[in-house]
Amino acid sequence: MRQDGVSRNASLEDTMAIDDDPDSMQSLLQALSRSGVGDRGGYLAQKNLALVQSLDGLRRGLLHRVGNSVYGNLRTKVSRVTMALLDDVSSLVDVPQPNAQGRCSVGDLRQLILWGIRHNVTWNTQALGVRSQGLPSSFPFLSCPPNDGDELRSQHKKAPSSQTNSKQNRLHELSTTPRRFQFNQSTNDQQKETEYSTSIEILEAACNDSIPGLTGVSNFTVFLYCKLFEGENGSVDPAVAQTGLDLHTTCSDAAWYLSAAEEDFLWVHVCSEFFAHEFNNTVCANSSFWLQKAHQAALTKDYHFFNHTSIDDLCVQLSGEAIGGPGLDENCLAQLGSRLLSAQAFRHCFLPNNSVLISALCGKESSDSQQSLPEGSWAAAYCSKIQNVSSVNTTEETCQYREWAVHDFTNTTLLELCGQTHGLGEYICLNATLYYQLLRSIPQLADSCADLQAELEGRKCFLQRFFDMLPARYEFDTSQLCVDPAPLLMEVVHKLSVCEVEGGEREGFLVVLGYVLRVLDFMVGLSSGLDEGEREARQGLGQAILLSSLLDSTSWAALQPEASMSILHTVGVFLRREQNATLKEDLLSCFSPVLWDLIQRDDNSSALRVLLQEYLQMPRDSIRTLVMSAEKDAVKRFLSHMHQSWDQLQVETGQVSQKELQAMETMTAAFIHKFPRVTPELFVDLSQFIPFMSVSDIMSFPASLIVNDSVLTAIRDHSSGMKSLQKKAFVKRLLQSSVVGDVPTWPPYFLSSILPLLPYIPVSHFQQLTSQQLIPLVELLGNGSLDGVRGRHVLRTLFTKKKNLTSDNILRLGVLACYLDPVDLGSYLQDPAVSSTLWQLLAQCMSKGFISDSGRLSSWLIPAVQNLNVSSMAPPELSALTGLLPQLGASFLLSLPSQQLLEILSQPGLHRYSPAQAFQMLSKISKDTTLTMEKLCRLKPLHSGLSPAVLGDLQWSEISKAAHCQCWRTLLIELKPGHRAILYNAVQEALHRENITQQVNCLLPFVPLRKLTETLNGTAILRDVSLYRDILWSPQQAQFLFKQIHQLKNITSKMVRYLGHIASGMSCDLLRLWSNDTDFAALLQFVSELPGGTRPALRKCIVDELRNHPDFNLSALSSGFAATLPVTMIENLSNVSFRAILDHIQAHFADFLRLPHYKQTNLAEKAVTELGSQAEGDIDGTTMDVLGPLLPFLDRDSLALVDRGALALRLEEMRSFCLPKDALKDISALLTQKDLLGEPSKWQVGDVEHLGRLVFSLSKKQINSIPLMVLNKDTVEQVLVGQSRWEDSAVGGVCVTKCMDQHRLRQQTQSLLRGIVRARSRRAKVPVPTCADIRGTFPSAWTPTQLSRMSQDELKQCIEVFAQDASMSSEQRRTLWVKLRQYFSPVRELRGDQVLALGSVVTEMGERELQDTNLTDVGVLAHLGTLTDWSPKKMRVVISSVMRKRKLKVEQLAAVDLATFGHLICGLYPSEIKRLSPYNLSMAVLFLREASLPCTEQQTEALTNRLSRPEAFGPVSTWGPEVFTEIGTLAVGLEDMVLSALVQEQMEGITPEAIALMAPRKLAVVFSAVQLSWLSAEQAWAVTDEQWAELDTGQRRAVGLARYEGDVLLELRGRNSAPEALNTGSFTVRLLALCLLLWQLF
């Protein structure tokens, strides 16, 4: 490689003076006469840098243009080859593909690589070890035939052994040393020939016995060489010579092994490796061999050699299949196994080099060593000749010119001796420093160096000459461009002539093609750095080479660590970047086990994290299929590795999305189902998935598994991420184990191991824990989340006497202290030593919901906290008070700065404040801060205090932001109608004031219908249908929009899907027209799946069409819709569909509660049948767990089959169930069975605490039998709080209105309170309540007399408690107002928040007081309009007072005024109502439609008359069903003649609430039997008992038919109305009865 003259140039100051000696000059010129000139390119480059830069730019531009073309063509052709190769390899290496069910046979690593190439994944071939590092020197695709008798296989390739390492390394060095320029080529060749002939002479002498042997070389090795040598020189036949290498025979000769010298061990090793069978039979398994060897050792007395023989080691290695090869070079083995093995090749592979041979024969350097040789012998003559040659070595040492000084190059004698030394000329001419030093003294040196340069140039090929011509640098060795391929090609031709391609024709072609690609890759690699296209070209070649390497399965059996890491990295990049979810799913489904193994091998947590994230994005079915398709061992290894790496994955179970949570649950279930029986070890590996285990899977674990110590430890470690249902399931399974035993026998260590599960042990078991068991656990339980029932049991068990509890240990109780008697806690709150810590603890209990924030305890806690300075409180102290703040009153927080107040009240999860407190604080925040829409959305606890003043100060610039839609929706749904109207009006004003043209789309569902009719028509709707189709319209809005579109365009069944949510407004007439279309089934499926449910009239229409098409597949309907189907249709559903209905019911139980009771019972009964309860028909615990809240809806016979023991374990869950009034008697009978709780007269406090609100299932008589000592204030408060919280829940709220008897509940409550609100004996005084007593019960529980005797202080503390009880009678409210009047005088000065604080008590203010009170604030008026206890006179007073003070006339009342009036609108005279603006009333009707207005018949008629004006909805005869739905309960006011003339479509629009409010006589008069037959089931069930009594027979039949949707007979199976004969379920009897009924009807 040429030297860089620029970098090596030196300063002329270092030039040494040289004598101008002619002889010296002549000698030096002669030394250079055969050399070339020095490289002066560096000098030229240094002199002209601009020229260099120009030439370099020219070179780069030329190469860029040429390279782009060449590499572009190369890439194109390689791409074509790759595609062809891909198809061929794919046919040989089958890639698994998922089937229709998504199941995929697990692929291996080669198939993964092939799959990746097929899907444009670029693998790192360098890391995978398949890229060419040099020109390939072997031909793996060739199978060469062995010589006769020689069974050495060339495919056995091992590293060199220690004995032959030196020889073969030398051979390797000789074969791989790069070619150098020879100063005198002929001399070098002659020297080489001399060396070869010298070694030949020694070996020939050994073969013809001229010397006794070769020192250090075994005689057997010499024997083998001589056979080959004799065959080559013609002394013997070559075939006979090759026979001499018959190692098969030698390796089967036991005598040879016994006589083999230590130097022959190489060949012994060859036998053990390549002739293992013969070696084993002859040596290892041959006992006679070992006996002879022992005898041999005994004769030689070499026992040490016998005990430590290497042959013995080879036998041991052979049995373990771990034999190390003899270490022969690859080329040596290849030649040894072919017929081309020559004596020279044998010498290179198995014999020492020349120096060793000469030294062994003649000695090293001592002349004395030759004296031992016999005179005249061949050895003596040879060594004498060699001694003369040794002088050459002296010359070589003298001519080490690289060590010469500068003056040595002018030494004539030295130059004559060394003139022919290789490289001397190049050294002088190419060393710029030396060259310039000598040039000053010897000018002729320039010509000599020029001649040398010319000679060197002459030997260059064209490409090297072209590139060296340019002075710029390159990034490659240009000499590589001249590599002579002739020897390689000759060897290939020779081998192709005698060898065959391995495998079949197709496989062989692919392997040869792979070899050609490697050669091409090497050739392209020579140009590294020439052009940027080279990288892409080599990348394509690399993928093609990788593809061809896939045919060799053995090479992929083991990967280097960097290869595993590279594959995982490439897959990770692909998964992150790929957008095609199906493609990623295919990869993960088919190759996950391969990736698992690579991850485990590489311990790559980052790759595991990527893989896990991708799993969480897959469909649930695909995850399940993936796991079930993998081998069990692979899944086990993966789980074990994931368990060990879980902490590194940093999976936050509380931060996953809903989709990811479902995916984790699916993955967990699949892992569990993969193994029929889970062992403790497997459970530990699964433990990180415990928070995602389903209840059913937990219950499927063997009971013996749960009691395992390692399993309990795993459960304890992961308990923080578990849900309560999971903990309860583990407890149930734990208790089913026979190992556990009775609760009182549980040892302390066991209790400690299940500590996180203790709060979830069934109450019946927890109450069996003894004091000895509980004492060690007190502090641990106090730091947990023990509920009130269990906590009070602990306190009763440990502190039987109050004196045992002191202020020193009360704080050690933790949460348990919250369950102490409030009276006792009150005394501790006065103790300065514990007061501060105790009130914080109690406040936290309230915040967490452990105890009520408005109960008796707050009467002692509030005074203790109110004395504190809130402005000086630290943030943790304020945070602890979040649950108590609503009880402290607004005055406690109003002392804080508004900004801090805003921050405190914006925290999530806060309790709501009363309207009075919210009104005050929201007003303060609005005045003192800039209240934005975002801030208002976060102030959820204060939303009940909204007023026009607050909304007027609101910054509306962000009103149209989509991010606020959820806030708008929440506000408009949760606010009461009056406040909803205020907010809607404020939004409209802001849109107009701020000139915001963009519509707030999320507000559209709350726009009044009248507004919609004037702003939207068919054209506008169709123009923006892509926007409107996704809005959740109300039923009446959807009907209007659909009608508008239909009037403009003929809607087809295919177009319906394009309309989105608007399609829910389709009419029955259109649905009937489409019933014969081919896609009618798809249409019904689409409609049934629309969010928000199907409106009753449309549902009735669909059911009718389903009856007309009995062949329709009901499974296509959504689960929610299918749950409402008639009972006869439910019977025809498949098991899968019914299971889906059960799942829907569990998730949307409030919808189930709105169904008629007979449908509820039928679904529950069918669920029992579907689940298949166990032996003897009993409903066991498993069935009860699946039924869940459906249990109370079973009929009497089924409830009698409930297993009592299992029910006792589930009473806690039953406290959250809805208990329908028809089932109360049966449930109470169950609870009072002897094997459950027994007679109520024998109950203890723990029994009542255990039942909680289930006490209300008992009859009044049973409740009265409970001992009064049991019904103490604390116990009764717990029951009442439990009932109140349940009623505030979504399920409880619907259950109270749909399924419960309110009158019965009030009677039962009075019986429960009898020991508290009444005198306990005739002689005892009637108790006078304190504020604590009021909080522990409720105000309406106390008589007016008792309320009147309350002290003023106690009364004042409970003002807002009274305001929240809407069930107080007029006398009770009047009594309270009389006592409270002094605190609110004078009334003309009452503020809005004070009026709100009075609540329903304000309705008992005198008429004069109401006139004097300022009630003009619209926000206050909206609250007053929701009160239902106004008398007509007082309503009139309020309305007239408001209008007078606001100076408004009736005609001027805006829509927001009418909406906020609410019930107070009935304070207007009919004559005044007739003057109301019809338009404003039509706008306000949306907010009045749900109210049960206490108006007279004349007032309601006047209201509907205004609505029928043209400015409103026009004449009633033109109303569509959407208008009737819009006006809601106001439809009651329609005149009789108008109602009698309604057609079917109009009847469909009347709401059930409006039907229920109609006067019984009016309903019977105005609606005919035909009209009543048009009613939907919801409308028919709204008919009250009083209305039913007024109907004639035909009307009743029509209503009954509408109620049961053709399933009338099933009502006979009810609890009390069916004759026993009809309860057999006989189909014939039912059919006969149905025929009789239809005959009567028609």
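Keep in mind the model is a prediction, meaning the values are calculated, not measured.

**What to know about the packing of helix H32 (residues 581-602) against helix H33 (residues 605-615)**
1) Next: In contact at an axis separation of 11 Å, H32 and H33 are set at 150 degrees when each is read in the N-to-C sense. By the angle between their directions, the pair H32 and H33 is classed as roughly antiparallel. Two packed elements cross with a definite hand, and for H32 against H33 that hand is left-handed. Across the interface between the two elements, Lys584, Leu588, Ser592, Leu595, Trp596 and Ile599 from H32 touch Ala607, Leu608, Leu611, Glu614 and Tyr615 from H33.
2) Next: The residue makeup of the contact of H32 with H33, split by class, is 8 nonpolar, 1 polar and 2 charged.

**Re the state of the cysteines**
1) Next: The final tally for this structure, using the stated rule, is 7 disulfides.
2) Next: The partner cysteine of Cys207 in its disulfide is Cys226, sulfur to sulfur 2.0 Å. Disulfide Cys207-Cys226: the torsion about the S-S bond is -90 degrees, which places it as left-handed. Of this pair, Cys207 sits in helix H8 (residues 185-207) while Cys226 sits in helix H9 (residues 219-232), placing them 19 residues apart in sequence.
3) Next: Covalently, Cys818 is tied to Cys845 through a disulfide, its sulfur atoms 1.9 Å apart. Taking the sign of the S-S torsion, about 70 degrees here, the bridge from Cys818 to Cys845 comes out right-handed. In this pair, Cys818 is assigned in the loop between helix H47 (807-810) and helix H48 (822-829) and Cys845 in helix H49 (residues 832-847), connecting sequence segments 27 residues apart. The two residues Cys818 and Cys845 agree in class, both being buried.
4) Next: Of the cysteine sulfurs around Cys1299, a residue in no disulfide, the closest is that of Cys1218, at 4.0 Å.

**Observations concerning the packing of helix H58 (residues 965-974) against helix H59 (residues 977-993)**
1) Next: Packing of H58 against H59 leaves a shortest axis separation of 8 Å and a crossing angle of 140 degrees. With respect to H59, the axis of H58 lies oblique. Here Trp968, Leu971, Leu972 and Ile973 of H58 come into contact with H59, specifically with Arg980, Leu983 and Val987.
2) Next: Looking at side-chain class alone, the contact of H58 with H59 contains 6 nonpolar, no polar and 1 charged residues.

**Description of the side chain of Arg980**
1) Next: As for its position among the elements, Arg980 is in helix H59.
2) Next: Within the buried set, Arg980 has no salt-bridge partner at all; the shortest N-O distance to an opposite charge, 4.7 Å, is to Glu1490.

**Let's talk about the nonpolar core**
1) Next: By size, the foremost hydrophobic cluster in this structure holds 208 residues, and its most contacted members are Met1066 and Phe1567.
2) Next: A per-element tally of this core places helix H95 (residues 1478-1488) first, with 7 residues.
3) Next: What Phe1567 contacts, discounting residues up to four positions off in sequence, is Leu1539, Leu1542, Met1547, Ile1550, Met1558, Leu1572 and Gln1595.
4) Next: Core analysis: the second largest hydrophobic core is formed by 177 residues, Leu612, Val743, Val870 and Val950 among them.

**Structural notes on the packing of aromatic side chains**
Aromatic ring pairs are reported here in terms of the distance separating the ring centres and the angle at which the planes meet.
1) Next: Scanning the model with the defined rule gives 20 aromatic pairs in all.
2) Next: Taking the centre distance of 4.2 Å and the plane angle of 10 degrees together, the rings of Trp596 and Phe638 count as stacked. Here Trp596, found in helix H32, pairs with Phe638, found in helix H35 (residues 632-649); they are 42 residues apart in sequence, far enough to count as distant.
3) Next: Exposure remark for Trp596: the relative accessible area of 2% places this residue in the buried category.
4) Next: Linked through ring pairs, Trp596, Phe638, Trp646, Phe671 and Phe689 together constitute an aromatic cluster.
5) Next: Residue placement shows Arg1603 over the ring face of Trp1581; its charged tip is 4.8 Å from the ring centre.

Definitions and limits used
- Residues numbered from 1 in each chain as written.
- Predicted model: local features only at pLDDT ≥ 70, side-chain atom pairs only at ≥ 80, totals over all residues.
- Heavy atoms only, no water.
- Axes fitted to C-alpha atoms, helices over the stretch in contact; angles between N-to-C directions.
- Helix = DSSP H or I, 4+ residues; strand = E, 2+ residues; numbered from the N terminus.
- Parallel < 35°, antiparallel > 145°, perpendicular 65-115°, else oblique.
- Left-handed = near helix turned anticlockwise from the far one by under 90°.
- Contact = heavy atoms within 4.5 Å.
- Nonpolar A, V, L, I, M, F, W, Y, C, P; charged D, E, K, R; others polar.
- Disulfide = S-S within 2.5 Å.
- Buried < 20%, exposed > 50% of the residue type's maximum accessible area, 1.4 Å probe, protein only.
- Lys, Arg positive; Asp, Glu negative; His and termini not counted.
- Salt bridge = Lys/Arg side-chain N within 4 Å of Asp/Glu carboxyl O.
- Core = buried A, V, L, I, M, F, W, Y, C linked by side-chain atoms within 4.5 Å.
- Phe/Tyr/Trp six-rings, centres within 6.5 Å; stacked < 30°, edge-to-face > 60°.
- Lys NZ or Arg CZ within 6 Å of the ring centre and 35° of its normal.

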